[in-house]
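A structural walkthrough
If you want the building blocks of each chain, they are given just below.
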Amino acid sequence: MPEFYGVPVSLSQLTWVNLSGNLILAYQSLGVVYGDLSTSPLYVYTSTLIGNLEDHQNEEAIFGASADDNGEGGTFALYSLLCRHANFSLLPNQQASDEELSAYRYGPSTHSNVSLLKRFLEKQKRPRTGLLIVVLFGSSMVIGDGVLTSAIAVMSSLPGLQYSGKKLTKGALLLLACVILISLFALQHIGTHKVAFMFAPIVMLWLISIFCVGLYNIIHWNPKVVSAIYPYYIIKFFRETGRDGWISLGGILLSITGTEAMYADLGHFTAVSIRLAFVFAIYPCLVVQYMGQAAFLSRNLHSIPNSFFESIPDPVFWPIFVVATLSAVVGSQATITATFSVIKQCQALGCFPRVKIVHTSKHIYGQIYIPEINWMLMILTLSITIGFQDTTLIGNAYGLATATLMFITTFLVALVITFVWQKSIWISGMFLLFFGIIEGAYLSAALMKVPQGGWVPLVLSFIFMMIMYIWHYGMRLKYNFDMHNKVPLQWLLGLGPSLGIVRVPGIGLIYTELATGIPAIFSHFVTNLPAFHKVLVFICVKSVPVPYVSSDERFVVGRVCPRPYRMYRCIVRYGYKDIQRDDGDFENQLIQSLAEFIHMEAGEPEFCSSEGSFDGRMMVTRLSSIQSGSTIIATEIEDCSESSSVQSSKSSALLSLRSVYDDENPPVRKQHIRFHLPANRIMDSVIQEELMDLIVAKEAGFAYIMGHSYVKARRSSSCFKKFVIDVGYTFLRKNCRGPSVDLNIPHINLIEVGMIYYV
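Residues numbered from 1 in each chain as written. Predicted model: local features only at pLDDT ≥ 70, side-chain atom pairs only at ≥ 80, totals over all residues. Heavy atoms only, no water.

**Thoughts on the overall build of the protein chain**
- If you tally the helices and strands in the protein chain, you get 32 helices and 14 strands.
- Burial statistics for the protein chain: of 759 residues in total, 56% are counted as buried.
- Carbon and sulfur atoms provide 63% of the accessible area of the protein chain, an area that totals close to 31,700 Å². (Helix = DSSP H or I, 4+ residues; strand = E, 2+ residues; numbered from the N terminus. Buried < 20%, exposed > 50% of the residue type's maximum accessible area, 1.4 Å probe, protein only. Areas by Shrake-Rupley, 256 points an atom, 1.4 Å probe, with all protein chains shown as cover.)

Listed below in structure tokens is the structure:
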């Protein structure tokens, strides 16, 4: 289903208002999605006809060679779609309440005849592990694609300076390419929205230019080039060139590079806008340009090494050269933004170390910027550019990355046809066979060029795949350790409501990855701390395999112990494209959700009918019903500073420390809300007392309690497992963003307790 400014809509719901919005997005997509695809004419014919086809450079050979998940795309979007329709995930944190999310179901709900296959795959760990590795490899290819696209796009635009007569040295051209690449990556922080508006006019001007040049070359050099669309030429091409023609498919594949990023870029735009731009702008201009270039080469075979620039008429050479250079820079944008999207999806689903994600648009949540990944891509791109200095070698690597990614995507779509769309296995098999044969031919040709540069994406993908798998493996072992070492509920009940310690005013938010049960680290707190907060909430920030979770379905609240303990559990659910806690109103929403749960649990009819869905003792609390139901009254206070009553409950040392912290880190001014019970509402005295305790605790302040975990392999583990956990996972954990930073937890309110996990 396409998405309009972060909200899913169906095509039947399109109005003139959102159609205009899609037209704007279509205009923007020219500067991001189609920059790479539209600049392919710079290097396609050169990469195809040089090498194995040097003995077949004639007119007929040239003619023969001419021949989503809810608005999110990419390999991980398909994987998440499979995980929520079949239990393919290796992380056992899925709950029954997750399946009731409005964005969870996609496709028909009828039962299919693949239940036996589905149950078999769900029970077998090896096929699920193999599926994850395939997905990780495909996602890693996207990253490698982002590196190679920037290098080949910029390098292919500079040979025009050599043709112009003002020849530059090879070192000067390389230096110029590096400067352009650094400038490109330095622009990424301004966001996809601004970059798209900046780049879209360049791509439009480029499309008009190549259309006009192509049309001129067709008319001037060889009008009969239009006959190249006949299948006769491709048959004759392979008949005469044989094995050399088959290997040349790796160069022809470059004509569709950029389409593999189109699917991953769906989160930045909409499917409708991408289709509009392709049908009415991209496709006509590219077809005319390729025909025009073929017409020129059919009469000027000696110009194959620099076919594009030599096909430009002299009077317009310099204007088109400038536009071509700018467009080559734009061509890198599609795969850069696709890389950001894939990394965000991988991180949300526990397959990539925590990195800083900056949401650059208030309207389209999929438009993001990741600083660490951006600079890493820049370093790798500069290394490839300086190391190869040859567009043919880079093109070989680029073609292999594109072919591999497209083949993996086709394989995953075939699984989606079976398990999500619930079609017959035969239909899925025919789809895989038809497209697999076509893409397999290109992939096999690209694999022949592994020694000539094709090894680069394989090495890059292997490195990133190992990073992703090691991180996921370590997280999975850590989660399983928590699952098998939960604190027995009987032990807590034996301590009594006071937990054997002093309960002081305030709310303690204990962060855990467990969605059920009490984590082992809680026993460390109770055993070693002399006092604990009167209200305790176990917070589980959980990513579910959907693109987004609406605010009404975000909080799932339950009670951990009997009412006098004042201990609750809150699962905060986010989709892989959601913004986590950027609104600064998390604490107030949590208090409202807890108050709503207390009323719902008490059995009041207006709340127990259809407002919540139950999962054991867990309930979904909806913010819309809270605001309309007046469970508790919220009053906004203009002064965001703490009141004197709150300050009096804290020590002077803590207040002094907070003053120093606020001086160094000026607080962001946000809503300060005070809660109180409605005066005109009659409620049970037990419920009223619990709500009052909650309100008083809120006014006393929050404390964020987290475990600082160290994961180590057991002594009995294999040497390989010890290396993976003690070296690989530990290195990644120490060099990624901490969980408190990732969750935007203020350090002044943070309490961390160390714990070693022997997995």
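Still more to cover.
**Things to note about the packing of helix α5 (residues 75-85) against helix α7 (residues 125-157)**
- Closest axis-to-axis distance for the α5/α7 pair is 9 Å, and the angle between their directions is 155 degrees. Taken as axis vectors, α5 and α7 run roughly antiparallel relative to one another. Residues Thr-75, Phe-76, Tyr-79 and Leu-82 of α5 form the contact with α7, whose participating residues are Leu-131, Leu-132, Val-135, Leu-136, Gly-138 and Ser-139.
- Its residues placed into classes, the contact of α5 with α7 shows 7 nonpolar, 3 polar and no charged. (Axes fitted to C-alpha atoms, helices over the stretch in contact; angles between N-to-C directions. Parallel < 35°, antiparallel > 145°, perpendicular 65-115°, else oblique. Contact = heavy atoms within 4.5 Å. Nonpolar A, V, L, I, M, F, W, Y, C, P; charged D, E, K, R; others polar.)

**Topic: helix α20 (residues 391-419)**
- When the terminal C-alpha atoms of α20 are compared, their 41 Å separation across 29 residues agrees well with the 42 Å that a helix rising 1.5 Å per residue should span.
- Among the 29 residues of α20, 22 are classified as buried, and the element is accordingly described as predominantly covered. (Expected span 1.5 Å × (residues − 1).)

**As for the pairing of strand β7 (residues 555-559)**
- Counting buried residues in β7 gives 5 out of 5 residues, a clear majority hidden from the surface.
- Looking at chain direction, β7 and strand β8 (residues 567-574) are connected through 5 bridges and run antiparallel. Within the sheet, the bridge partner assigned to Val-557 lies in β8 and is Cys-570. (Pairing = 2+ DSSP bridges.)

**Things to note about the pattern of salt bridges**
- All chains considered together, the criterion is met by 5 salt bridges.
- Note that Asp-693 is salt-bridged to Lys-534, the shortest N-O span being 3.8 Å. In this pair, Asp-693 is assigned in helix α30 (residues 685-700) and Lys-534 in strand β6 (residues 531-543), connecting sequence segments 159 residues apart.
- For Lys-534, a relative accessible area of 37% corresponds to the partly exposed category.
- When the shortest N-O distance is used, the salt bridge between Asp-693 and Arg-566 registers 2.9 Å. Placement of Asp-693 in helix α30 and of Arg-566 in the loop between β7 and β8 is noted, with a sequence separation of 127 residues between them.
- Asp-693 sits in the buried class, given a relative accessible area of 16%.
- Among the residues examined, Arg-566 registers a relative accessible area of 8% and is labelled buried.
- Each of Lys-534, Arg-566 and Asp-693 takes part in one network of salt bridges that share partners. (Salt bridge = Lys/Arg side-chain N within 4 Å of Asp/Glu carboxyl O.)

**Focus on the side chain of Asn-374**
- On the secondary structure map, Asn-374 appears in helix α19 (residues 371-388).
- Setting aside residues up to four positions removed in sequence, Asn-374 forms contacts with Phe-185, Gln-188, Phe-340 and Tyr-369.

**Considerations on the confidence of the model for the protein chain**
- Here the protein chain averages 76 in pLDDT, while 71% of its residues score no lower than 70.
- Taken together, the stretch residues 1-14 has pLDDT below 50 and engages in 34 contacts with residues farther than four places along the chain or on a different chain.
- Counted against residues more than four places away or in other chains, residues 639-649, with its pLDDT under 50, gives 12 contacts. (pLDDT = per-residue confidence, 0-100.)

**What to know about the packing of α20 against helix α22 (residues 450-484)**
- Two numbers describe how α20 lies on α22: the axes approach to 7 Å, and their chain directions differ by 50 degrees. The orientation of α20 relative to α22 falls into the category oblique. You can see that α20 and α22 cross each other, and the crossing is right-handed. From α20, Leu-393, Asn-396, Ala-397, Leu-400 and Ala-401 reach across to α22, where they touch Val-450, Gln-452, Gly-453, Gly-454, Val-456, Pro-457 and Leu-458. (Left-handed = near helix turned anticlockwise from the far one by under 90°.)

**Quick look at the pairing of β6**
- Strand direction decides the pairing type here: strand β5 (residues 502-511) and β6, joined by 8 bridges, are parallel. Paired with Val-502 across the two strands is Ala-531, which belongs to β6.
- Note that β6 and β8 share 8 bridges and pair parallel. Bridge pairing links Ile-539 to Cys-570 in β8.

**Examining the packing of aromatic side chains**
- Counted under the stated rule, the structure contains 17 aromatic pairs.
- For the pair Trp-471 and Tyr-729, a centre-to-centre distance of 5.2 Å together with 35 degrees between the ring planes defines the contact as tilted. Within this pair, whereas Trp-471 is found in helix α22, its partner Tyr-729 is found in helix α31 (residues 719-734), the two being separated by 258 residues in sequence. Neither Trp-471 nor Tyr-729 differs from the other in exposure class; each is buried.
- Consider the rings of Phe-481 and Tyr-757, whose centres lie 4.8 Å apart with planes at 65 degrees: the pair is edge-to-face. Taken together, the residues Phe-481 in helix α22 and Tyr-757 in strand β14 (residues 750-758) connect sequence positions 276 residues apart. Considered together, Phe-481 and Tyr-757 belong to a single accessibility category, that of buried residues.
- Clustering of aromatic rings is evident, with ring pairs tying together Phe-309, Phe-317, Trp-318 and Phe-321.
- Cation over ring: Lys-478 sits above Tyr-757, and NZ or CZ is 4.8 Å from the ring centre. (Phe/Tyr/Trp six-rings, centres within 6.5 Å; stacked < 30°, edge-to-face > 60°. Lys NZ or Arg CZ within 6 Å of the ring centre and 35° of its normal.)

**A closer look at the state of the cysteines**
- Under the criterion given, the structure shown has 0 disulfides.
- Considering cysteine sulfurs only, Cys-540 is the nearest to Cys-570, which forms no disulfide, with 9.2 Å between them.
- A residue is classified by how much of its surface remains accessible, and Cys-570, at 0% relative accessible area, is buried. (Disulfide = S-S within 2.5 Å.)

**A closer look at the environment of Cys-540**
- Here Cys-540 is to be found in strand β6.
- For Cys-540 and Ile-571, which are 31 residues apart along the polypeptide, the C-alpha to C-alpha distance reads 4.7 Å.
- Setting aside chain neighbours within four positions, we find Cys-540 in contact with Thr-512, Glu-513, Leu-514, Ala-515, Cys-570, Ile-571 and Val-572.

**Quick look at unusual backbone geometry**
- Positive phi, close to 60 degrees, is recorded for Leu-499, a residue that is not glycine.
- With relative accessibility at 1%, the residue Leu-499 sits in the buried group.
- A positive phi angle, close to 55 degrees, is found at Arg-566, a residue other than glycine.

**What about the environment of Pro-319?**
- Tracing the sequence through the fold places Pro-319 in helix α17 (residues 317-331).
- Each C-alpha atom of the pair Pro-319 and Ser-209 lies 9.3 Å from the other, and the pair is 110 residues apart in sequence.

**A closer look at the side chain of Lys-698**
- Here Lys-698 is to be found in helix α30.
- Buried within the structure, Lys-698 lacks any salt-bridge partner; Glu-699 is the closest side chain of opposite charge, at an N-O distance of 4.1 Å.
- If we skip the residues at most four places from it in the chain, Lys-698 touches Ile-507, Asn-588, Ile-591, Ile-673 and Phe-675. (Lys, Arg positive; Asp, Glu negative; His and termini not counted.)

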